[in-house]
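An overview of the molecular structure
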Amino acid sequence: MNQPQDILAGLNTRQKEAVVTTEGPLLIMAGAGSGKTRVLTHRIAYLIHEKQVNPWNILAITFTNKAASEMKTRVSDLVTEGGTDVWVSTFHSMCVRILRREIDQIGYSRSFTIAAGSEQKTLMKRVLKTLNLDPKKFSVNAMLGEISNAKNQLINDRDYMRNAVTYWQKTVAKCYVEYQSELRKAETLDFDDLIMLTVRLFEENDELLAYYQRKFQYIHVDEYQDTNHAQYRLVELLGQRFKNVCVVGDADQSIYGWRGADMSNILDFEKDYPEAKSIFLEQNYRSTKNILQAANTVIENNPNRKEKKLWTDNQPGDKITVYFAGDEYAETEYVAEQIRSLMTTDSTLNYDDFAILYRTNAMSRVMEETLRKRRIPFQIIGGTGYYERKEILDLMAYLTLIVNPADDLSFRRVVNEPKRGIGAATIDKLTDIALMNDVSLYEAALQAQNTNLSARAANNLESFAHMIQDFRKMTEFVTITDLVESILDKTGYLDVLKKDNTLESDARIENLEEFYSLTENFDRVADEDENSLLEFLTDLALIAPTDDIEEESTEVTLMTLHSAKGLEYPYVFIIGVEDTIFPLIRQDSDEEDLEEERRLAYVGITRAERKLFLTNASSRMLYGRRLYNRTSPFIRELDDEVVEIERPTDAASYKTGNYNNPFKKRAISGTPVPGAASKSTRRKKHHPVGVGAEKEDWTVGDKVKHGKWGIGTIIQIKGEDKDMQLDIAFPSEGIKPLLASFAPITKIEKE
DNA sequence: CCCGAGCCCCTTTTT
DNA sequence: GGGGCTCGGG
């Protein structure tokens, strides 16, 4: 079986070439569905089998943990032994693994914990407060975003401070320094620290770097188009010695720019590695000709793009169905009905042959409702899900504090949860005490008796700290499942919920019980010798939404377009394909953002194997507001010949249907045909109400001045009062849909 | 110190 | 539409 010819069997010429080109830098430009995972796994197998490379000298970096474990399995299937010794992991997991061994060299504890999402926010909120900053001017999100960007650029807090020029930068710098020092004190790293500190570790320690360079003789990076600068640098450092760096990716699928991903990493690979070979995989094995043509014509609208054309030997297949619904309910009904009727027609189909994709998580709710009503089983991937629930976060904070008592973030979260008479005033005092003695809150609490705290408060704190101490001792000899059970019991957490006896508390109890399936799974495979609690928490922190997709389930899968990257389904629905929603346009969106949105559309379209549906609604409720959106330009960009349009047959819903024919060509790209606005929204009296620009009396044709984009013309008015939306054409920016109550605009008086 | 009511905010995508 | 936060009363 395991002969080299088997390893190359079934690969096309280009794929074979990519597999056997093992020495030196290699760029594999792999279009969607061109079999790149196959190439990567076969290449690794080939290295082991044919080139006698030790599995442990091979590194492969994937985008998600799931992709990593799949790759491991597939490599193991191809080689006789050693498949599991290959390092296959995500950047973040790899860095954790390295840091757990080495981070003490740069002064951190090796049992550091990881702060994700909501924890970072909580911390940043406190930072803003301590620095007395107006949260209206400096939002937690903006601040964290800026710091994340800096870290992705390998700029640490001190460098940032040194280089800060503007008031905004100087303020960010202060926050960055404070944020970092809090994390540091808590022996906690955020996601970006994992990469940045690993790079720092290597840059400051030649011997250590040399060790890992010798270890990783063959390096593979998948989804290279979505690497950021820090990750780029990490690969560069590791690959310097052997230069056997093989990167795989597709610039057209670069969709993580907002997260610091830098497409030029892949575009400039040949410059960075002058001796690099490039191989292009352009034959698609996944989709029908029509689907590919749709994908190709859409992506061709991106001006800044390297020419590339996917082709396939597959059948032309069905046309793309574009459906115009009246509102979001009609839209989801249509999707549900299609699934039902397709399954009736073709009995070989299963629910898991269908995926429903959307631009924002918020859009899953109506879809969810409809599917539930129609009794179609489904799973939702990602979103504000399980791991963001209060009770789960509380429980995880307990576990984190137990394993890392220095973690003040977790301490704060659970010290009075459930209520045990330790209020804000007490915590403030304790914080001062801890600060003065240079100890953690936990340590300060252990000795609360010897302080000026009231006897009652001190007692409460001490018994809390002792309880944590006891849990800490337990970890040495009980499973995580037992530990969790003990926490929920001894802290009284479960009791409080039980006594509450409301629908909500029942749900929380259920969620906590679900947590046991995680711990039990982990306990089953846990290594006796390792600090398994720490490992358990690390795994949870690094989990990606798609890691949770149930392979065996027979359910329809709902997820964002981002989450769908790398996946494929016979039938794909993309819902909410409307202007300003997909592409998602925000007030500061620019041309580059639009191109990334288009790449996202490309990713979405190419997920479909057999049949693609694009749906939209002429009116939809979003974030408590009813929006009236035009059809997405992406629909307009499709070739007429690969599309068939469907509209509601039911007269009632047709009434609210989208009157705008998306294929009616526009005078100038982005400028609507005169009269295209529906009658109901065009000429309405807008009475001055509210506080923003909606209190003005606007008419189509009015000239306005925008704070950022200068002078523009109103071309359409939708909704009224606080829901008023103005479409304004700016000479340099094109058309921007603005929510009047937020828009920084003023009317220009006629001269 | 706790809890509830009302107010306010926001509202993209995720390792 | 919904969740987090503040403020005021007990």
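Residues numbered from 1 in each chain as written. Chains lettered and ligands numbered in written order. Predicted model: local features only at pLDDT ≥ 70, side-chain atom pairs only at ≥ 80, totals over all residues. Heavy atoms only, no water.

**Things to note about the pairing of strand 10 (residues 354-358)**
Test applied: A simple rule labels every residue: compare its accessible area, found with a 1.4 Å probe on the protein chains alone, to the largest value its type can have, and call it buried under 20%, exposed over 50%, or partly exposed in between. A helix here means a DSSP run of H or I that spans at least four residues, while a strand means a run of E at least two residues long, and both kinds are numbered starting from the N terminus. Strand pairing is assigned whenever DSSP identifies at least 2 bridges connecting the two strands.
Of all 5 residues that make up strand 10, 5 are buried, and the element is covered over most of its length. Side-chain alternation along strand 10 places Phe354, Ile356 and Tyr358 on one buried face and Ala355 and Leu357 on a second face that is also buried. In the sheet, strand 10 pairs with strand 12 (residues 556-560) via 4 bridges, with the strands oriented parallel. Bridge pairing in strand 12 links Leu357 to Met559.

**With respect to the pattern of salt bridges**
Oppositely charged side chains are able to pair whenever their charged atoms sit close together. Worth spelling out the cut-off: A pair is scored as a salt bridge if a Lys or Arg side-chain nitrogen falls within 4 Å of a carboxyl oxygen belonging to Asp or Glu.
This structure, assessed with the given rule, holds 39 salt bridges. One connected set of salt bridges, linked through shared partners, spans Lys36, Asp222, Glu223, Asp226 and Lys565.

**Regarding the side chain of Thr370**
Put simply, the test is: Whether two residues are in contact is decided by their heavy atoms: any pair within 4.5 Å suffices.
Checked against the element boundaries, Thr370 lands in helix 17 (residues 364-373). Under the relative-accessibility criterion, Thr370 is labelled buried at 3%. With sequence-adjacent residues up to four places away left out, Thr370 is seen in contact with Thr332, Glu333 and Ala336.

**Here's the deal with a negative patch on the surface**
Condition: Residues with no salt bridge and a relative accessible area higher than 30% make up the patches, which join like charges within 9 Å and nonpolar side chains (Val, Leu, Ile, Met, Phe, Trp, Tyr) within 5 Å. Using a 1.4 Å probe, accessible areas were evaluated by the Shrake-Rupley method; residue-level cover was limited to the displayed protein chains. The charged-residue count follows a simple rule in which Lys and Arg add positive charge and Asp and Glu add negative charge, with His and chain termini not counted at all. Charged side chains are reduced to one point each, which is NZ for Lys, CZ for Arg, CG for Asp and CD for Glu.
Together, Asp500, Asp506, Glu510, Glu513 and Glu514 make up a region of like negative charge exposed at the surface. When residues of the negative patch are assigned to their parent elements, the largest contribution, 4 residues, is made by helix 25 (residues 503-525). Locating Glu514 in the fold gives a position in helix 25. Given a relative accessible area of 44%, Glu514 falls into the partly exposed group.

**Digging into empty space enclosed by the protein**
Basically, it comes down to this: We place a 1 Å grid over just the protein atoms. Points where a 1.4 Å probe fits but has no way out form a cavity, open points with protein on both sides within 12 Å along at least 5 of 7 lines form a pocket, and any residue with an atom within 4 Å of a point lines it. Grid points are joined across faces, edges and corners, and a volume is the space filled by probe spheres set on the points. All amino acids are sorted into three groups, where Ala, Val, Leu, Ile, Met, Phe, Trp, Tyr, Cys and Pro are nonpolar, Asp, Glu, Lys and Arg are charged, and the leftover types, Gly among them, are polar.
Going through the model one piece at a time under the given rule, you end up with 2 cavities of 30 Å³ or more. Volume-wise, the largest cavity comes out at about 60 Å³. In terms of lining residues, the largest cavity is bounded by Val298, Ile574, Val577, Phe582, Ala601, Ile605, Leu614, Phe634, Ile635 and Leu638. Going through the elements one at a time, helix 27 (591-605) and helix 28 (633-636) are the ones with two or more residues in the lining of the largest cavity. In terms of residue class, the lining of the largest cavity is made up of 10 nonpolar, no polar and no charged. The set of elements that each furnish at least two residues to the lining of the second largest cavity consists of helix 18 (390-403) and helix 23 (480-490). Tallying contributions element by element places helix 18 first for the lining of the second largest cavity, with 4 residues. Residues of the lining of the second largest cavity, tallied by class, amount to 5 nonpolar, 1 polar and 2 charged.

**Section: helix 11 (residues 206-215)**
Every buried residue of helix 11 is listed here: Leu208, Leu209, Ala210, Tyr212, Gln213 and Lys215. Buried positions along helix 11 lie against strand 2 (58-62), strand 3 (87-90), helix 5 (91-102), helix 10 (191-204) and helix 12 (229-239).

**Observations regarding the protein's contact with DNA strand C**
Convention followed: Residues are counted as near a molecule or strand when any one of their heavy atoms sits within 4 Å of it. Between N or O atoms, a polar contact is any pair within 3.5 Å; within protein, one atom must be a potential hydrogen donor and the other a potential acceptor, and residues adjacent in sequence are included only when both atoms are from side chains.
Around DNA strand C, the structure places Lys125, Lys129, Arg365 and Gly624. With respect to DNA strand C, the side chain of Lys125 contributes an N or O atom lying 2.9 Å from a phosphate oxygen. Tallied by class, the residues present in the surface near DNA strand C amount to no nonpolar, 1 polar and 3 charged.

**Here we look at the sheet that holds strand 3**
Formally: Between N-to-C directions, angles span 0 to 180 degrees; the directions come from axes that are lines fitted to C-alpha atoms, helices contributing only their stretch in contact.
Strands sit in the order 3-2-6-7-1-8 across an open sheet of 6 strands; the sheet is parallel. Of all the strands in the sheet, the pair left with one neighbour each is strand 3 and strand 8 (277-281). Strand-to-strand twist across the sheet, computed as the mean angle between neighbouring axes with direction ignored, equals 15°. Bridge analysis of strand 2 against strand 6 (residues 218-221) gives 4 bridges, and the strand direction is parallel. Paired with Ile58 across the strands is Tyr218, a residue of strand 6. Along the sheet face, helix 5 touches strand 2, strand 3 and strand 6 and points at about 110° away from the line of strand 3.

**With respect to the nonpolar core**
The test is simple: Take the buried residues of types Ala, Val, Leu, Ile, Met, Phe, Trp, Tyr and Cys, join any two whose side-chain atoms come within 4.5 Å, and each joined set is a nonpolar core.
Judged by nonpolar contacts, the single largest core of 50 residues is most densely connected at Leu399, Phe411, Leu461, Phe464, Phe515 and Leu533. If one sorts the elements of this core by residue count, helix 18 sits on top with 9 residues. Residue contacts for Leu461: discarding those within four places in its chain leaves Phe411, Val415, Ile422, Thr426, Leu430, Ala445, Ala448 and Leu453.

**Focus: the packing of helix 23 against helix 25**
Counted only if it meets this: For classification purposes, an angle smaller than 35 degrees is called roughly parallel, one larger than 145 roughly antiparallel, one from 65 to 115 roughly perpendicular, and anything else oblique.
The N-to-C vectors of helix 23 and helix 25 enclose an angle of 155°; their axes lie 8 Å apart at closest approach. As judged from the angle between their axes, helix 23 and helix 25 are roughly antiparallel. Of the residues in helix 25, those in contact with Ile480, Thr481, Val484, Glu485 and Leu488 of helix 23 are Leu512, Phe515, Tyr516, Thr519, Glu520, Phe522 and Asp523. Counted by class, the contact of helix 23 with helix 25 contains 7 nonpolar, 2 polar and 3 charged residues.

**A closer look at the confidence of the model for chain A**
Stated precisely, the cut-off is as follows: Confidence scores per residue from the predictor, reported as pLDDT, run from 0 to 100.
On average, residues of chain A score 84 in pLDDT, and 86% of them reach the 70 mark or higher. Least confident of the elements in chain A is helix 30 (residues 679-682), whose mean pLDDT is 23; most confident is strand 6, at 97.

**Regarding the packing of aromatic side chains**
Short version of the rule: What counts as a ring pair is set by centres within 6.5 Å for rings of Phe, Tyr and Trp (its six-membered ring), and what kind of pair is set by the plane angle: stacked under 30 degrees, edge-to-face over 60, tilted for all other angles. Consider the ring centre and the ring normal. A charge sits over the ring if Lys NZ or Arg CZ is within 6 Å of that centre and within 35 degrees of that normal.
Counted by the stated rule, this structure contains 19 aromatic pairs. Between Tyr334 and Phe613 the ring centres are 6.4 Å apart and the planes differ by 70°, which places this aromatic pair in the edge-to-face class. With Tyr334 in helix 16 (residues 328-345) and Phe613 in strand 14 (residues 608-622), this residue pair connects regions lying 279 residues apart in the sequence. The pair Tyr334 / Phe613 is uniform in exposure class, with both members buried. Here Phe522 and Phe536 contribute two aromatic rings whose centre-to-centre distance is 5.2 Å and whose plane-to-plane angle is 70°, an arrangement assigned as edge-to-face. Here the residue Phe522 occupies a position in helix 25, and Phe536 occupies one in helix 26 (residues 532-542), the gap between them amounting to 14 residues. Residue Phe522 shares its accessibility class with Phe536, and that shared class is buried. The rings of Trp87, Phe202, Tyr211, Tyr212 and Phe216 are connected pair by pair, giving a single aromatic cluster. The ring of Phe112 is capped by Arg100, whose NZ or CZ atom sits 4.1 Å from the centre of that ring. Against the face of Phe324 rests Arg647, its NZ or CZ located 4.6 Å from the ring centre.

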